[in-house]
Amino acid sequence: MIDSACFHCALPVDPRDKYDVEIDGKLRPVCCPGCKAVAELIRDTGMSNYYAMRDAPQPGVGRPADQSTAWQVYDRADMLAAFAEARNGEAEATVYVGGMYCSACGWLIETTMARTPGVVSADINPVTHRLRVRWSTKDLGLGGILATLASLGYDPQPLAPESAARPELLEQRAALKRLLVASLGMMQVMMFAIGLYAGDFQGMEPSMQRFLRWVSFLVTTPVVFYSARPFFSSALRGIKARTPGMDLPVSIAVGSAYVGSVYATLTHAPAVWFDSVVMFVFFLTLGRFLEMRARHRSIDRSTAMSNVLPPTVSRTTAAGFETIPSSRLVAGDVVRVRPGEAVPADGRVVDGGSSVDEALLTGEARPVQKSVGDEVAAGSMNIDGALHVRVEKTGGDTTLGTISRLSERARYARPEFVQLADRIASYIVIAILVIAVLVGSYWYSTAPDRAFVITLSVLVVTCPCALALATPAAFATAGTRLAQLHLLLTNGNAIEALARASKVLLDKTGTITRGSPALEKVEVLEPGYTEQECLDIAAALEAVSIHPIAKAFPAGSVEIGVSDQRIVLGQGVAGTIDGVRWRIGKAVFAGEKAAEPGVYLGRDKSFVARFDMSDELRDNSRETIQALTNLGLETGIVSGDREEVVRAVADRLDIREYHAESSPEEKLSVIRQAQQQGDRIIMVGDGINDAPVLAGADASIALAHGAELAQTSADVIMLGESLAPVATAIGIARKTLRIVRQNLAWAIVYNTAALPLAAMGYVPPWAAAIGMSMSSLIVVLNALRIGRYQEQ
């Protein structure tokens, strides 16, 4: 029978348990000795206000953990080095505090830490649930801090300090500060400008006008010298490098408008343009900030992936288990991964069995069953059983590390399309400056009092910001969206090639099919050999191959020594066993003559055995081919498999064009012939075995995972077991180029229409600032639409 709820953690209280705590003169029921101890600690330290301040807790939140000594391991020197920064007898660490649910939790934690002997300072961010704590290493250890937090009912987790501040975070924080200053400045100056404009129509005391101008000057100055500083710095770099960029006319416009306004304020001239300056800087800074966030989203994903790895692991030793930092793992270590924990490194299961969630790495929503001998990847989540994993790869060599490295390479690649847009914008900048000089000269000779204002408007309204942002913003957003859909872009030029493609050629084995051929039949062709002996020899030869067919020959119980092994692409594997040259692969490779279809094992140019194989289609192969057809693309199969097998697959998928029994050279010839006929080819295949063929296509896509990732040479890598991302990648690429064309068209039309109006004096500076800024924002916001693209 369950009665009331625990006063501390809100879990039900069993009436048979008699645990009460006196708080504020009243007996409060609690559910267990742990909650009783925490509540008494809060009461006895004079912090009973915690219960009045807190929100209603979720049941169980705040209940202390049962282990009281588990945190002592963090007092070791290696743990301190892994999770804290120690200097001058003090250490500082960041701790993620799980179980926080309201601001009162933050108050309780900070107050408790402040009263803990040895703690120098403790600051908690209630939004991120991160506690930054500094303590004296002579009086206290990291384990003591974690134990104190755990005794309060929270779930603390120390976070490893980053070796260096992430550049993108520093860039983002600086940009956000500049945007904040610009926005506050714009709001204030615009309020003053309304008064000045009203005074122009209704009259205003000269003293009040001077006051509003001087206040506008004071507010505008930090906007110009702080928020607009990146524009001036970029313009100066461009001048030094003799490659003027779009920030040059921006800097001239902002600087001249500011100087002109200051001069007008000092000389009591008729007009000032402080409002135009702050408006111009704000909208430009906003556009740059949005474009920067589009670039950083792919970095955010990579960071989120790396944060999945546990900070500590339980390593097997002769005496049992020891807790060590994940960074200390080396190949050969055996670690225990309990349910709910992430696998810390790539390895192989040596004991236990469980379901593993690999969605973060492959996008596959269904858990994968793992047992002894199976590979597991760093970052996958163990679901329901304990696993003992022998570590094979750590750090940047893991699947997770390779994905991050490939993503990093793509981020720094500048597509030719973007480089061309940059060069065009550079020429346009020069043209704008020339036009501004001509317009200024004309007006100076005809109406000197209007020359400065009109020239300023020309500089502002024709700034090629929209043109310069049109392409990179779209490509950055496309790369981020592809990464979110588990498509790694390794070549920046691939987006354009994918968008312009007219035909998609696919390999069969491992691409259209699952790539896990099953052995159906063994036929011994030479007397004196048994089926098992033939299988053992085949397994020994195929041990060096990563072709999908090699997976059908697992290592046998008998170890056979093979020397001088050689892989012949598209043919098979050769090796020497006891002085005899053996071959396995196609009939013409394993023997002297052609024979019935199958995989052949031969020695000294004579057949010893034939293996019949089968492989099933991927579940969504038909849907993918149909989606490609709907996109207006021709499809075909190019395979090294025998003709009747390839023809059967083509018929099942309604593919008219197929090429069977093709060597890598013949596959490349098929691509060359199609290209000579005017087709732009996308090749989809194995990123390793089909490397020469992939390189010959206009764009290439490969299905790869695990150890294959680092060796893949494709422009786009698909993670997971689905073919559907092929159509998705092409759809995103087409939408990207469509948006780039829209952005460029808008920029050209806007500048073409605005320039004559500004040159004729019909556009005041404030309107020019709004027009140019809105033009840039439209381009960026249009590019961000790519991020909403849905899978095909």
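In this report, the structure presented in the accompanying data block is examined. Keep in mind the model is a prediction, meaning the values are calculated, not measured.

Spatially, six strands are ordered 9-8-10-16-11-14 in an open sheet, and the strand pairing comes out antiparallel. The sheet is open, and its two borders are formed by strand 9 (320–325) and strand 14 (375–376), each paired with just one other strand. Here strand 8 (residues 312–317) pairs with strand 9 via six bridges, running antiparallel. Its bridge partner lying in strand 9, Ser314 is registered against Thr323.

So, on to the sheet that holds strand 18 (residues 503–506). Pairing is mixed across the open sheet formed by seven strands, whose spatial order is 17-29-28-27-18-25-26. Every other strand in the sheet has two partners, leaving strand 17 (487–489) and strand 26 (657–659) as the edge strands with one partner each. Each strand of the sheet is rotated relative to its neighbour by a mean of 20°, with strand direction disregarded. Sheet analysis places strand 18 next to strand 25 (residues 634–638), joined by four bridges and oriented parallel. Considered in strand 25, the bridge of Leu506 is made with Ile637. On the sheet, helix 21 (residues 643–652) packs against strand 25 and strand 26 and is oriented at approximately 155° with respect to strand 26.

What follows covers the pairing of strand 3 (residues 84–87). Where strand 3 meets strand 4 (residues 90–98), four bridges bridge the pair, whose relative direction is antiparallel. Counterpart to Arg87 in the pairing with strand 4 is Glu90. As consecutive antiparallel partners, strand 3 and strand 4 are separated by two residues, and within that stretch Asn88 has a phi angle of approximately 55°, a positive value.

Our focus in this paragraph is the side chain of Arg213. Its place among the elements puts Arg213 in helix 7 (residues 206–227). Given a relative accessible area of 5%, Arg213 falls into the buried group. Residues within four places of Arg213 in sequence aside, it is in contact with Leu196, Ala264, Thr265, His268, Ala269, Pro270, Ala271, Val272 and Phe274.

In this section: the environment of Ala555. With respect to the element layout, Ala555 can be found in the loop between helix 18 (531–542) and strand 20 (563–568). According to the relative accessible area criterion, Ala555 is exposed, its value standing at 74%. For the pair Ala555 and Ala540, spaced 15 residues apart in the sequence, the C-alpha separation amounts to 6.8 Å.

To continue, consider the packing of helix 15 (residues 465–484) against helix 25 (residues 765–784). Between helix 15 and helix 25, the shortest axis-to-axis distance is 8 Å and the interhelical angle comes to 15°. The angle between the axes of helix 15 and helix 25 places the two elements in the roughly parallel class. Seen along the crossing, helix 15 lies across helix 25 with a hand that is right-handed. Mapping the contact onto sequence places Cys465, Ala466, Leu469, Ala470, Ala473, Ala474 and Thr477 in helix 15 and Met772, Ser775, Ser776, Val779, Val780, Ala783 and Leu784 in helix 25. Classifying every residue of the contact of helix 15 with helix 25 gives 11 nonpolar, three polar and no charged.

Turning next to the packing of aromatic side chains. Going through the model one piece at a time under the given rule, you end up with 13 aromatic pairs. Both rings, one in Phe217 and one in Tyr258, keep their centres 6.2 Å apart while their planes meet at 20°; by these two values the pair is stacked. Here Tyr258 lies in helix 9 (residues 247–267) and Phe217 lies in helix 7, a separation of 41 residues in the sequence. Taking the relative accessible area as the measure of exposure, Tyr258 reaches 9% and is therefore buried. Both rings, one in Phe217 and one in Phe274, keep their centres 6.4 Å apart while their planes meet at 55°; by these two values the pair is tilted. Placement of the pair is Phe217 in helix 7 and Phe274 in helix 10 (residues 274–306), with a sequence separation of 57 residues. Across the pair, exposure class does not vary: Phe217 and Phe274 are buried alike. Three or more aromatic residues link up through ring pairs in this structure, and these residues are Trp214, Phe217, Phe225, Tyr258 and Phe274. A cation over an aromatic ring shows up here: Arg336 above the ring of Phe321, its NZ or CZ 3.9 Å from the ring centre.

Within the sequence span of helix 21, burial applies to Val646, Val649 and Ala650. The buried side chains of helix 21 occupy one side of the element, clustering within an arc of 100° when seen end-on. In helix 21, the exposed positions that point more than 90 degrees away from the buried face belong to Asp651 and Arg652. Asp654 sits one or two positions beyond helix 21 and adopts a positive phi of about 60°.

For the rest of this paragraph, the subject is empty space enclosed by the protein. The full count for this structure, using the stated rule, is one cavity of 30 Å³ or more. What lines the largest cavity is Ala253, Ala257, Ser276, Val277, Phe280, Leu456, Val460, Pro765 and Ala769. Elements with a contribution of two residues or more to the lining of the largest cavity: helix 9, helix 10, helix 14 (448–461) and helix 25. In terms of residue count, helix 10 provides more of the lining of the largest cavity than any other element does, three residues in total. Taken together, the residues of the lining of the largest cavity break down into eight nonpolar, one polar and no charged.

Reading the values: rules and limits
Residues numbered from 1 in each chain as written. Predicted model: local features only at pLDDT ≥ 70, side-chain atom pairs only at ≥ 80, totals over all residues. Heavy atoms only, no water. Pairing = 2+ DSSP bridges. Helix = DSSP H or I, 4+ residues; strand = E, 2+ residues; numbered from the N terminus. Axes fitted to C-alpha atoms, helices over the stretch in contact; angles between N-to-C directions. Contact = heavy atoms within 4.5 Å. Buried < 20%, exposed > 50% of the residue type's maximum accessible area, 1.4 Å probe, protein only. Parallel < 35°, antiparallel > 145°, perpendicular 65-115°, else oblique. Left-handed = near helix turned anticlockwise from the far one by under 90°. Nonpolar A, V, L, I, M, F, W, Y, C, P; charged D, E, K, R; others polar. Phe/Tyr/Trp six-rings, centres within 6.5 Å; stacked < 30°, edge-to-face > 60°. Lys NZ or Arg CZ within 6 Å of the ring centre and 35° of its normal. Arc of directions from axis to C-beta. 1 Å grid on protein atoms, 1.4 Å probe; cavity = no way out; pocket = protein on both sides within 12 Å on 5 of 7 lines; lining within 4 Å. Points joined across faces, edges and corners; volume = space filled by probe spheres on them.

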